[in-house]
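Descriptive analysis of the structure
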Amino acid sequence: MRLHLVDYLILALYFAFVVGIGWVLKKRISTSADFLTSSRSVPLWITSLAFVATNLGAQELVGMCASGAKYGIMTAHFYWVGAIPAMLFVGIFMMPFYYGSKARSVPEYLKLRFDEKTRAFNAVSFAAMTIFSSGISMYALGLLFQLVLGWSFTASIALAAAIVLAYTFLGGLTSAIYNEVLQFFLIVLGFAPLAWFAVARAGGWEGMAAQLPEAWSHTWKYASSPAQNPMGVEVFGIVAGLGFVLSFGYWCTNYLVVQRAMAADSMAAARLTPIVGAFPKMLLPFVVIMPGIAAMALTKMDLGYALPTKGASYDYDQAILTLMAQFYPQGMLGVGLTALMASFMSGMAGNVTAFNTVWTYDIYQSYIRRGAPDSHYLMMGRVATVGGTLLSIGAAYLATLYNNLMDLLQLVFGFVNAPLFATFLLGMFWKRATANGAFTGLVTGTLAAAATHGLTLAEGKGGWLGVLHEFPSVMAQNFWIAIFAWTACFLVTIAVSLAGRPRPESELEGLVYGVTPIPRQTDVVWYMRPGWLAAVAGALCLVLNLMFW
Amino acid sequence: MWDLRLPSGLLFVILGALLSLMGLLYPNARAPLAETNVNLVSGILFLLFGALLLWMARRAS
C-alpha cells in the first residue's frame, strides 16, 4: 500500500489538532484534580462519547473487523449482549455510588466500602493492566503498519506515543477526553464510508449472506449448540459468560471507562454518560464489524481481492487495512489511516490517564507519600503520565520479544477481571458484605479462574493441571472461566461475610444500596431521565438482536 | 467550558474541503474495487458534518 503527500498532510493536520486541543486546555490545569479527574466539569455529550471512544482502541477496531470476517455477525454479541446491558446497568444502578461517594477512582471506592487491602489489590492489578494493554495495543499497531505500509515499527509507535504524551501531559484528563471525542468522530466518519462501499460492492446484506455460510448472517439462530456456529459457543456461555460476567466486569468496574463518567459535571450527567453512550455504541457494529463480513464475502466473490493468508488460514487482522486499499483512493486513504491512528490514540490515552490517576492517588498518595501539598501530587500526576507512556513502550517491545508472554498476561488479566464484578455487586447492593469477605472472594475467584484454565483444554490452550473437559473454542473457554471465577468470588464473599461482623450502617451511607438515597434526577427533563432513556436504549438493542436473529 | 464543537467542526470542514477538491480534480483516481468517486462523496459528508458542528457551536454561543 502506498501513501501520497495528501495522505501525510491529513495525518499531520490531525496531529496538529489533537496537540492544539491539549495546548488550549493547558491553562485550565491548576490542581491535581484538574489534571487527573477534570474536577468533575465535563459536559454530558462529551463524557458519553469519550466513554465509548476510550474502549474503541486500535486493537478493538482491528480485532472486531477481523472477528467479523472470521465469525460473521455473531461478533455483534460483544455489543448487543455484552456492552449495552452493562452500560445501562452502570448508569442506573452503580453510578450513584461511584459519583455520590466522592471517591476519585474505582480503587478508592473499594477502600471506602471495604478496606485498604482490597483497594491495594485492585489498584496494583489495574495499574499493571493499563500499562500492558496499552503496550499490547501499541505492539499490534506497530506490527500492522510495518506489515502493510512498510513503516518502521519503532518509528510508528514512537510517533504515536509522543503525540499522546504531548496532549495528555499538557491538558491531563480533560485533554484526553476532548480528544477522544474528536477521535470518535474521525473513527466513525473515516470507517463508515468503507463499511458502506464494501458492503454495497459485496451485494448488500443479502448479497453477503448469499456468499457466506448461513451462520455468518445470524446472531442467535445457530447459537443453541457450539458445533453449529463459527465461534464454537452456546447460548448460556454467551449470556452468562460474555453478557453477564465479562461485560459487566469490564463496563461496570474498569476505571478506564468509569473515569469518563466520573469526570461529568453533575450526578445526572454522570449517570447519563454510559446510557447516552449506549446509543452510538449499539450502532458501532455497522462500522467496525460489517467491513470484516464484507471482506470475507468479497474474498469469495473472486473480484481480485482476497484476504491475505498466514500459514493455512486467513490473516484476519489485515482485513481492515487491505480493504481500505481496495476502496480508498489517496486522500480518503489518509483519512482512513488517520482514523486508525486516532483509535489507537484514544485507547492509549485512556490507559495512560487512568494509570496516572490510580498511581498518584491510590498508590503514591496512599502508600508512598501522604500529606504532601497538592502541587506535589500535580507534579506526580505529570511524572506518572510520562512514566506510564514509557512503560507502555517498554511493554510493546517486551511483546516483540516474548509473544507467548503477552498471551499469558492477557490470560492473567482475564483471571483478575472476571471475579471483580461479583465483589462490586455485593459491595454496592448488600450491606452485609465485609472487607474480609470481599478480599477472600477476590483471591478465590482469581484462583478459580486459573484452576478452570488449568483443568480444561481449548484449541491446545490450557490444561496445565490435567484435562477434565475440552471446550470447542478458546472463546467458549474464556466465557466459562469467567462464569466459574465470578461464581466462586460471589459464594466465598457471601460465606466469609456472614461469618464476620458487619460494618455499622452509618458508615455505609453513600456507598451501599438501601442506606443511600438514590437521586430521582428530577433536575432534568423527563426524556433525559436515566430510567426512561435506558428503557429506550434497551428496547432498541432488543430490536437489533431480533433484526439479525 | 470550551466548546469542543469549534475545533472538531473546523477539522471536518478542512478535511471535507480537501477531499472534495481531490474528488473534483481527480475523479478517475479510484481504488481497485471502488465504483464511485469515494473522495467526493466522503468529502461532502465531512463538509456537512463539520458545518453542522460549527452551526451548533455558533447557536450555543
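Residues numbered from 1 in each chain as written. Chains lettered and ligands numbered in written order. Predicted model: local features only at pLDDT ≥ 70, side-chain atom pairs only at ≥ 80, totals over all residues.

1. Examining the overall build of chain A
Each helix and strand counted, chain A has 20 helices and 5 strands in total. Taken over C-alpha atoms, the radius of gyration comes to 23 Å for chain A, in line with the 24 Å a tight globule of 549 residues would show. Projected onto its principal axes, the C-alpha positions of chain A cover 70 × 55 × 50 Å. The burial tally for chain A puts 60% of its 549 residues in the buried class. (Helix = DSSP H or I, 4+ residues; strand = E, 2+ residues; numbered from the N terminus. Rg over C-alpha atoms; globule rule 2.2 N^0.38 Å. Buried ≥ 20, exposed ≤ 12 C-beta atoms within 10 Å, placed from the backbone.)

2. Observations regarding the overall build of chain B
Scanning chain B from N- to C-terminus turns up 2 helices and 0 strands. Principal-axis analysis of the C-alpha atoms places the extent of chain B at approximately 45 × 20 × 15 Å. Taking all 61 residues of chain B together, the buried fraction comes to 38%. In chain B, once contacts between residues fewer than 6 apart in sequence are set aside, the share between residues at least 24 apart is 74%. (Contact = placed C-beta atoms within 7 Å.)

3. Concerning the nonpolar core
Residues and elements named next belong to chain A. Core analysis: the biggest nonpolar cluster contains 223 residues, and A198 and A485 have the highest contact counts within it. In this structure, this core is formed jointly by two domains, domain 1 (5–401) and domain 2 (414–518), each of which donates at least three residues. The contact partners of A485, leaving out residues within four places of it in the chain, are F415, A418, P419, G445, T446, A448 and A449. (Core = buried A, V, L, I, M, F, W, Y, C linked by C-beta atoms within 7 Å. Domains from an automatic or database assignment.)

4. Looking at the environment of A:S392
All names here are of chain A. Mapped onto the fold, S392 is located in helix α16 (residues 374–401). Residues S392 and M348, spaced 44 residues apart in sequence, show a C-alpha to C-alpha distance of 8.8 Å. Among residues more than four places away in sequence, those in contact with S392 are I131, S134, G135, M138, A161 and M348.

5. Quick notes on the interface of chain A and chain B
Contacts between the two partners involve 30 residues from chain A and, on the opposite side, 25 residues from chain B. Contributing elements (two or more residues each) for the side of chain A that touches chain B: α1 (5–25), α8 (153–201), α14 (319–327) and α15 (332–368) of chain A. Take the side of chain A that touches chain B: its biggest share by element is 8 residues, from α8(A). The residue inventory of the side of chain A that touches chain B, partitioned by class, reads 23 nonpolar, 6 polar and 1 charged. (Nonpolar A, V, L, I, M, F, W, Y, C, P; charged D, E, K, R; others polar.)

6. A closer look at the packing of helix α7 (residues 116–149) of chain A against α8(A)
Pairs of packed helices are described in terms of their axes, by the angle between the two and the distance that separates them. All names here are of chain A. It is the contact of α7 with α8, at a shortest axis distance of 8 Å, that shows an interaxial angle of 130 degrees. Put simply, α7 runs oblique to α8. The hand of the α7/α8 crossing is right-handed. Contact residues: α7 offers M138, L141, G142, L143, F145 and Q146, while α8 offers F153, S156, I157, A160 and A161. For the contact of α7 with α8, a count of residues per class yields 8 nonpolar, 3 polar and no charged. (Axes fitted to C-alpha atoms, helices over the stretch in contact; angles between N-to-C directions. Parallel < 35°, antiparallel > 145°, perpendicular 65-115°, else oblique. Left-handed = near helix turned anticlockwise from the far one by under 90°.)

7. A short note on helix α2 (residues 38–60) of chain B
With 23 residues, α2(B) ought to run about 33 Å at 1.5 Å a step, and its terminal C-alpha atoms sit 33 Å apart, in line with that. Residues of α2(B) that are buried include every one of B:V38, B:N39, B:L40, B:S42, B:G43, B:F46, B:G50 and B:L53, and no others. Where α2(B) is buried, its residues meet α8, α14 and α15 of chain A together with α1 (5–25) of chain B. (Expected span 1.5 Å × (residues − 1).)

8. Re the domain arrangement of chain A
All names here are of chain A. Domain parsing of chain A yields domain 1 (5–401) and domain 2 (414–518). For domain 1 and domain 2, the distance between their C-alpha centres works out to 25 Å. Contact residues are listed per partner, giving 29 residues for domain 1 and 25 residues for domain 2. When residues of the side of domain 1 that touches domain 2 are traced back to their parent elements, those giving at least two are α5 (77–100), α6 (106–113), α7 and α10 (235–253).

9. Structural notes on unusual backbone geometry
Residues and elements named next belong to chain A. At S39, a residue that is not glycine, the phi angle is positive and equals roughly 50 degrees. Residue placement: S39 occurs in the loop between α2 (32–37) and α3 (44–53). Its identity is not glycine, yet R40 carries a phi of approximately 50 degrees, on the positive side. Residue placement: R40 occurs in the loop between α2 and α3.

10. A few points about the sheet that holds strand β5 (residues 469–471) of chain A
All names here are of chain A. Read from one edge of the open sheet, 3 strands run β4-β3-β5, paired in mixed fashion. One side of each edge strand has no neighbouring strand; the edge strands of this open sheet are β4 (461–462) and β5. Taken strand by strand, helix α19 (residues 474–499) contacts β3 (456–458), β4 and β5, and its axis lies near 145 degrees from that of β3. (Pairing = 2+ DSSP bridges.)

11. Focus on the packing of α3(A) against α8(A)
Residue and element names in this part refer to chain A. Remark: α3 packs on α8, axes separated minimally by 8 Å, with the N-to-C direction vectors making an angle of 70 degrees. As summarised for this structure, α3 and α8 are arranged roughly perpendicular, according to the angle between their axes. Between α3 and α8, the residues in contact are I46, T47, L49, A50, V52 and A53 and I177, Y178, E180, V181, Q183 and F184, respectively. Within the contact of α3 with α8, the residues separate by chemical class into 9 nonpolar, 2 polar and 1 charged.

12. Considerations on the environment of A:A306
Residues and elements named next belong to chain A. Its place among the elements puts A306 in the loop between α13 (290–301) and β1 (309–310). For A306, a count of 14 C-beta atoms within 10 Å gives the class partly exposed. The spacing of A306 and A295 is 11 residues in sequence and 7.7 Å in space, taken between C-alpha atoms.

13. Points about α5(A)
All names here are of chain A. For α5, spanning 24 residues, the distance from its first C-alpha to its last is 32 Å, which sits close to the expected 34 Å at 1.5 Å a residue. Along α5, the helix axis deviates most sharply at M94, where the bend reaches about 60 degrees; the proline P96 sits within four residues downstream. K102 lies just past α5 and shows a positive phi near 65 degrees. (Bend = angle between axes of the 7 residues up to and from the residue.)

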